[in-house]
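# Reading the structure
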Amino acid sequence: MEKVPFLRPKLVDFAEYAPLLAEMDEARQYTNFGPLNTRFERRIVDEWMGGEGAATTVCNATLGLMLAISEIKRPGRYAVMPSFTFAATALAAQWCALEPYFVDGDPEEWVVDQRKLREALDHLGKEAAVVVPYATCGTHMDLRPYEDLMRSGVPVVVDAAPCFGTSLDGRQFGRGFSGAVVFSFHATKAFPVGEGGLVYSADQNLIRRMKLASNYWFDGGRESQGLGLNAKLSEIGAAVALATLDVFPASVERRKQIYRSYTRLLEASGVLEQGWSLQGVRGEAAYQWLPLMAPDVPARDRLMRIAADRNIELRRYFVPPCHEHPQFQDAPRGDLSVTDRLGDTAISLPLWEDLTEEMIYRVVGAVAEAARAGVVQRAPSGAVSA
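All figures in this text were calculated on a predicted structure; none of them were measured in a lab.

As a further point, take the overall build of the protein. A count of helices and strands for the protein gives 11 helices and 12 strands. Relative to the 2.2 N^0.38 estimate, which gives 21 Å for 386 residues, the radius of gyration of the protein is 22 Å and therefore close to what a compact globule would have. For the C-alpha atoms alone, the extent of the protein along its principal axes is close to 80 × 55 × 35 Å. Each of the 386 residues in the protein was classed as buried or not, and the buried ones make up 54%. Total accessible area on the protein is roughly 16,400 Å²; 50% of this is exposed by carbon and sulfur atoms. Placing the 41 positive and 49 negative side-chain charges of the protein at their respective mean positions leaves the two points 1 Å apart.

Take the environment of A22 next. Tracing the backbone shows A22 in helix α1 (residues 14–27). The class for A22 is partly exposed, based on a relative accessible area of 44%. C-alpha separation for the pair A22 and Q204, spaced 182 residues apart in sequence, amounts to 31 Å.

Our focus in this paragraph is the sheet that holds strand β1 (residues 54–58). Strand order in the open sheet formed by 4 strands is β1-β9-β8-β5, with mixed pairing between adjacent strands. Every interior strand has two partners, whereas the edge strands, β1 and β5 (157–159), have only one. Pairs of neighbouring strands in the sheet enclose a mean axial angle of 20°, with direction left out of account. Taken together, the 4 bridges between strand β8 (residues 180–184) and strand β9 (residues 197–201) define a ladder with antiparallel strand orientation.

Turning our eyes to something else, we now look at the pairing of β9. When you tally the buried positions in β9, you get 5 out of 5 residues, the bulk of the element. Of the two faces of β9, the one holding G197, V199 and S201 and the one holding L198 and Y200 are both buried throughout. With 5 bridges connecting them, β1 and β9 associate as antiparallel partners. When the bridges of β9 are listed, A55 appears paired with Y200.

Moving on, we come to the pattern of salt bridges. The tally for this structure, following the rule as stated, stands at 23 salt bridges. The shortest N-O distance in the salt bridge between R43 and E47 comes to 2.8 Å. Here E47 and R43 lie together in helix α2 (residues 35–48), a separation of 4 residues that amounts to about one turn. Put simply, E71 and R209 hold a salt bridge, and the shortest N to O gap is 3.3 Å.

For the rest of this paragraph, the subject is the sheet that holds strand β4 (residues 128–131). With parallel pairing, the 3 strands of this open sheet are ordered in space as β3-β2-β4. Among the strands making up the open sheet, the edge pair consists of β3 (99–103) and β4. Here the average twist between neighbouring strands, direction ignored, is 35°. Relative to β4, strand β2 (residues 78–82) is paired through 3 bridges, and the arrangement is parallel.

Do not read the fine detail of predicted coordinates wherever pLDDT is low. Across the protein, the average pLDDT comes to 96, with 97% of residues at or above 70. Within the model, pLDDT remains below 50 along residues 379–386, and this stretch shows 2 contacts once partners closer than five positions in the same chain are excluded.

Residues of strand β12 (residues 346–349) alternate between two faces, with A346 and S348 on one and I347 and L349 on the opposite face, all of them buried. Pairing analysis gives 4 bridges linking strand β11 (residues 290–293) to β12, with the strands arranged antiparallel. From the neighbouring strand, L290 faces β12, where its bridge partner is L349.

Right, let's get into the packing of aromatic side chains. Evaluation of the coordinates by the stated rule reveals 23 aromatic pairs. Both rings, one in F84 and one in F318, keep their centres 5.5 Å apart while their planes meet at 80°; by these two values the pair is edge-to-face. Highlighted residues: F84 in the loop between β2 and α4 (87–95) and F318 in the loop between α9 (297–309) and α10 (337–345), separated in sequence by 234 residues. Classification of F318 by relative accessible area gives buried; the value is 7%. Among the aromatic residues, those joined into a cluster by ring pairs are F6, F84, W110, Y134, W289, Y317 and F318. Between K211 and the ring centre of F33, over which it is positioned, the NZ or CZ distance is 4.1 Å.

Residues of helix α7 (residues 204–213) that are buried: L206, I207, M210, L212 and A213. Among the structural elements, β1, α3 (61–72), β8 and β9 are those in contact with the buried residues of α7. Between a side-chain oxygen at the N-terminus of α7 and the backbone nitrogen of N205 the separation is 3.1 Å; the capping residue is D203.

So, how was this worked out
Residues numbered from 1 in each chain as written. Predicted model: local features only at pLDDT ≥ 70, side-chain atom pairs only at ≥ 80, totals over all residues. Heavy atoms only, no water. Helix = DSSP H or I, 4+ residues; strand = E, 2+ residues; numbered from the N terminus. Rg over C-alpha atoms; globule rule 2.2 N^0.38 Å. Buried < 20%, exposed > 50% of the residue type's maximum accessible area, 1.4 Å probe, protein only. Areas by Shrake-Rupley, 256 points an atom, 1.4 Å probe, with all protein chains shown as cover. Lys, Arg positive; Asp, Glu negative; His and termini not counted. Charge placed at Lys NZ, Arg CZ, Asp CG, Glu CD. Pairing = 2+ DSSP bridges. Axes fitted to C-alpha atoms, helices over the stretch in contact; angles between N-to-C directions. Salt bridge = Lys/Arg side-chain N within 4 Å of Asp/Glu carboxyl O. pLDDT = per-residue confidence, 0-100. Contact = heavy atoms within 4.5 Å. Phe/Tyr/Trp six-rings, centres within 6.5 Å; stacked < 30°, edge-to-face > 60°. Lys NZ or Arg CZ within 6 Å of the ring centre and 35° of its normal. Polar contact = N/O pair within 3.5 Å; in protein donor to acceptor, adjacent residues only side chain to side chain.

Rendered as structure tokens:
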């Protein structure tokens, strides 16, 4: 039986960016914000952000988070963030000499619970140096509460690693936000460059500072004017990124089609009426995988076993949640009951552009079998299950 891999990364065809590499060779500029990189940043702002704000590329999103936190944070001790996120979110804070403070998630959308965030900020007071929410699995997270925080003097850096291509009413996620929004262009993302990322903000001065910081904080000379490092995207990466922009709308639409096929089949199978649930996604995401929550741990384990037997690769993001990692286990936190449940029961189904309808049927069939087995196990003794 053909394997259904969880991911099958695919970059834009070489022929699409080969002419750009020829431009690079002719210019003989291979890094340091060369002409291809500058062109890419301008296209992002003009074509995806409605001409609002500014953007700077980075060689990976983790360094983007570090730069953004470093440049925007206020004096304080803590970076307030969810635990249900990738380790890079918390590690970036630690690299900026801050301690993660973990807050719980919302049970529907899986993003930071706003009530618990307010409680944490009230508790921490001025010791909260920055808030770092994660737009979980690419959802178009509501940024209005975070804009309010920015106006109140609490800096915000949004970890939007999987969100480039996510939109609501035709508006790209993050557009117009006055804090920092960090996107990933890793090979596994919907916008794959291989390694790379982008930091966007409506605050052009903030982006200017981050661009300087990503080049050792050299401001027109060879003397560091602040805490800098080397986070520049190469011109080769910019060439791939420019070529990817040309085909990206079709890629996003293909991922949305696959998501719609999944949801249609899951609804038809009846599993969503048996305690299984999808993440409540706002807007339309450029899906990297399909997030599904099992009703309990036994159901999760059944699905993982059945999928393995059928040569289907599933994964569990983000397991364990950050507060259970050895690196962060001593970090302070509030109540994390929703996070713990997500860590126990969230499962990620394959979603990549060349996934076939037959593969989707196989994956949903595995979920349906796991759900049926749960109904049989819960049936009263002597009862006959349908």
